Amino acid sequence: MPVTRGFTGKRRPERPERLPPGQYDTGTDWPTLTAEATPDIAPDEWTITVDGLVERPHTWTWRQAHALPGSTYFGDIHCVTSWSKLDTTFGGVSVDELLAIARPTADAAYVLAHSSTGYSTNLPLADVTGGKAWLAWEYDGRPLPVEHGGPVRLLVPHLYFWKSAKWISRLELLAEDQPGFWEQNGYHDRGDPWLEQRYQGDP
Amino acid sequence: MSAPADATVAPWTTARAAEVERIGDRLVRLRLELEESFTYTPGQHCVLRLRAEDGYTAQRSYSIASDPADPLLELMVECLPGGEVSGHLHDEARVGDAFELRGPIGGWFTWTGDVRAVCLTGGTGVVPVVSMLRYARRVGATDRLRVCAVGRTRPELPYADELLASGALVALTRENLGERVAAPPYPSEMEPLVAGVERAYVCGSVGFASYAVRLLGEVGVPADAIRVEQFGATG
């Protein structure tokens, strides 16, 4: 591995154990990266549907989703473009609550998460169950800003953040893995930051 | 949304600086020779990684400015305040320096001359579009690519001379350019550019992208025809 002459590095992380390989601490910044025009979705018009391989396909409105037991994530997020943001707080509902109502069938092993913009991302079902994934509508106690996926985004903080689809509208349960938008465009099917699964072909 | 089937990213390779040109206070143009070159499509980006003596590394994503047929890979990097990678490239980098580089990345914000397209860019957001323009010139597809590049002043806008020579609309917001008074692009300036296009590319800061998408909407470009690449931080 070549050394870059004269490079010492400025932002030595204060908490290196919190940063997956190749990541830096973005501090108070929260960069954004999207592939599509930012949509304008009124909370009253937003819905979330869980369908595909489930016993009871179901759609929740904003009000119905808020009537489910609330849940908070406090921790770190990691973007494939190499920033990590530590100690974030998101509020919303656990994906487990939705799945408990829709009831995945025995064949369901993957989820394709769809956004109202047409964006999609694929995840193993096991990565969105057991308290590991949320529908988030609050950041730091305030409504989630539209540029960060508001009114509601998927939040799967243990994977690279492109898996946390902005403007989430549908969770489609599938038997087979089906690449989503970024995955068809070169990004990894699983995206574990601690294994540095950034691009197709990574371990 | 469709995408190419083959989207594999090559492993890390060594990139040596063949040319380093500092442009004004904030820009540095790097022309890199890759140990293992890769094939890319205009609009794609790559990751540049710097490695310190003690093994510490820092990496950032940069759009590629060169035509895929160019034997060197060209980046135009804006120096950000406190930027760990961009600051080093601007202040320290010189010919012969070695970096690690990985690419190509992104199969969405790409143009291969197959559709009539308009590009609306802000500041260094013009970089991937420069790759598209150079490619268009080489393959004789300039009639299918129209560009509006927005910048503050002519020295601050990367590739301003090349853009003007290629017939792009250069909209400067902080100084006059010839007879054009400093202003963002007017809908009346965009209308001829968007006539008959099937796709639009928007690249710039988050604030610019949201402005650009609104402007394109005003002149009749449907939202689902717009491909966006945005960068930068929000508070």
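The rules behind each value
- Residues numbered from 1 in each chain as written.
- Chains lettered and ligands numbered in written order.
- Predicted model: local features only at pLDDT ≥ 70, side-chain atom pairs only at ≥ 80, totals over all residues.
- Helix = DSSP H or I, 4+ residues; strand = E, 2+ residues; numbered from the N terminus.
- Buried ≥ 20, exposed ≤ 12 C-beta atoms within 10 Å, placed from the backbone.
- Domains from an automatic or database assignment.
- Contact = placed C-beta atoms within 7 Å.
- Nonpolar A, V, L, I, M, F, W, Y, C, P; charged D, E, K, R; others polar.
- Pairing = 2+ DSSP bridges.
- Axes fitted to C-alpha atoms, helices over the stretch in contact; angles between N-to-C directions.
- Right-handed = clockwise from strand over helix to strand, strands pointing away.
- Core = buried A, V, L, I, M, F, W, Y, C linked by C-beta atoms within 7 Å.
- Arc of directions from axis to C-beta.

## Details of the overall build of chain B
- Across its full length, chain B holds 5 helices and 12 strands.
- Seen through its principal axes, chain B has C-alpha atoms that stretch 55 × 40 × 35 Å.
- Counting every position in chain B, which comprises 235 residues, the buried fraction comes to 47%.

## A word on the domain arrangement of chain B
Residue and element names in this part refer to chain B.
- If you check the domain split of chain B, you get domain 1 (13-105) and domain 2 (117-231).
- Taken over C-alpha atoms, the centre of domain 1 sits 24 Å from the centre of domain 2.
- Across the contact, 14 residues belong to domain 1 and 12 residues belong to domain 2.
- When the residues that make up the side of domain 1 that touches domain 2 are grouped by side-chain class, the tally is 7 nonpolar, 4 polar and 3 charged.

## A look at the sheet that holds strand β7 (residues 110-115) of chain A
Residues and elements named next belong to chain A.
- Taken in spatial order, the 5 strands line up as β4-β3-β12-β7-β8 in an open sheet, and their pairing is mixed. In this open sheet, the two strands that pair with only one neighbour each are β4 (58-61) and β8 (120-124). Averaged over neighbouring strand pairs, the angle between their axes works out to 15° when direction is ignored.

## A closer look at the interface of chain A and chain B
- The interface is formed by 34 residues belonging to chain A together with 39 residues belonging to chain B.
- Looking at the side of chain A that touches chain B, the elements with two or more residues in it are β2 (30-31) and α3 (181-184) of chain A.
- Looking at the side of chain A that touches chain B, its residues break down into 12 nonpolar, 16 polar and 6 charged.

## Here we look at the sheet that holds strand β3 (residues 45-51) of chain B
Residues and elements named next belong to chain B.
- Across the sheet, which stays open at both edges, the 6 strands sit in the order β4-β3-β6-β1-β2-β5 with antiparallel pairing between neighbours. At either margin of the open sheet sits one strand with a lone partner, and together these are β4 (57-63) and β5 (73-78). Averaged over neighbouring strand pairs, the angle between their axes works out to 35° when direction is ignored.
- Here 4 bridges tie strand β1 (residues 13-23) to strand β6 (residues 98-105), and the two strands are oriented antiparallel to one another. Bridging from a neighbouring strand, Ala15 pairs with Phe99 of β6.

## Brief notes about the pairing of strand β9 (residues 169-172) of chain B
All names here are of chain B.
- As defined by bridge partners, strand β8 (residues 145-151) adjoins β9 across 4 bridges and the pair is classed as parallel. Across the sheet, residue Cys148 finds its bridge partner in β9, namely Leu169.
- The parallel pair β8 and β9, bridged by helix α3 (residues 160-165), forms a crossover whose chirality is right-handed.

## Quick word on the nonpolar core
- Of all hydrophobic cores here, the largest spans 120 residues; its most connected members are Leu135 of chain A together with Val202 of chain B.
- If you tally residues by element for this core, the top one is helix α2 (residues 127-139) of chain B, at 7 residues.
- Among the domains, domain 1 (13-105) and domain 2 (117-231) of chain B are the pair contributing at least three residues each to this core.
- In this view, Val202 of chain B contacts Leu120, Ala209, Ala212, Val213, Ile226 and Val228 of chain B; residues no more than four positions away in its chain are not counted.

## Considerations on helix α4 (residues 187-194) of chain B
All names here are of chain B.
- Those residues of α4 not exposed but buried are Met190, Leu193 and Val194. Mapping the buried residues of α4 onto a view down its axis gives an arc of 85°, with all of them on the same face. Across from the buried face of α4, at angles greater than 90 degrees, the exposed residues are Ser188, Glu191 and Pro192.
- The elements touched by buried residues of α4 are β7 (117-122), β8, β9 and α5 (206-218).
- Following α4 by one or two positions, Gly196 adopts a phi angle in the positive range, close to 80°.

## Describing helix α1 (residues 84-91) of chain B
- Those residues of α1 of chain B lying buried are Val85, Ser86, His88, Leu89 and His90 of chain B.
- Tucked into the core, α1 of chain B has its buried residues touching β1, β2 (27-34), β3, β4 and β5 of chain B.

## Looking at unusual backbone geometry
- A cis amide bond, omega 15°, links Gly150 of chain A with the succeeding residue Pro151 of chain A.
- Within the element layout of this structure, Pro151 of chain A appears in the loop between β10 (142-143) and β11 (153-155).
- Each neighbour pair has its own omega, and for Gly103 of chain B with Pro104 of chain B the value is -5°, a cis peptide bond.
- Within the fold, Pro104 of chain B resides in strand β6.
- With a phi angle near 55°, Asp87 of chain A is a residue other than glycine that sits in the positive phi range.

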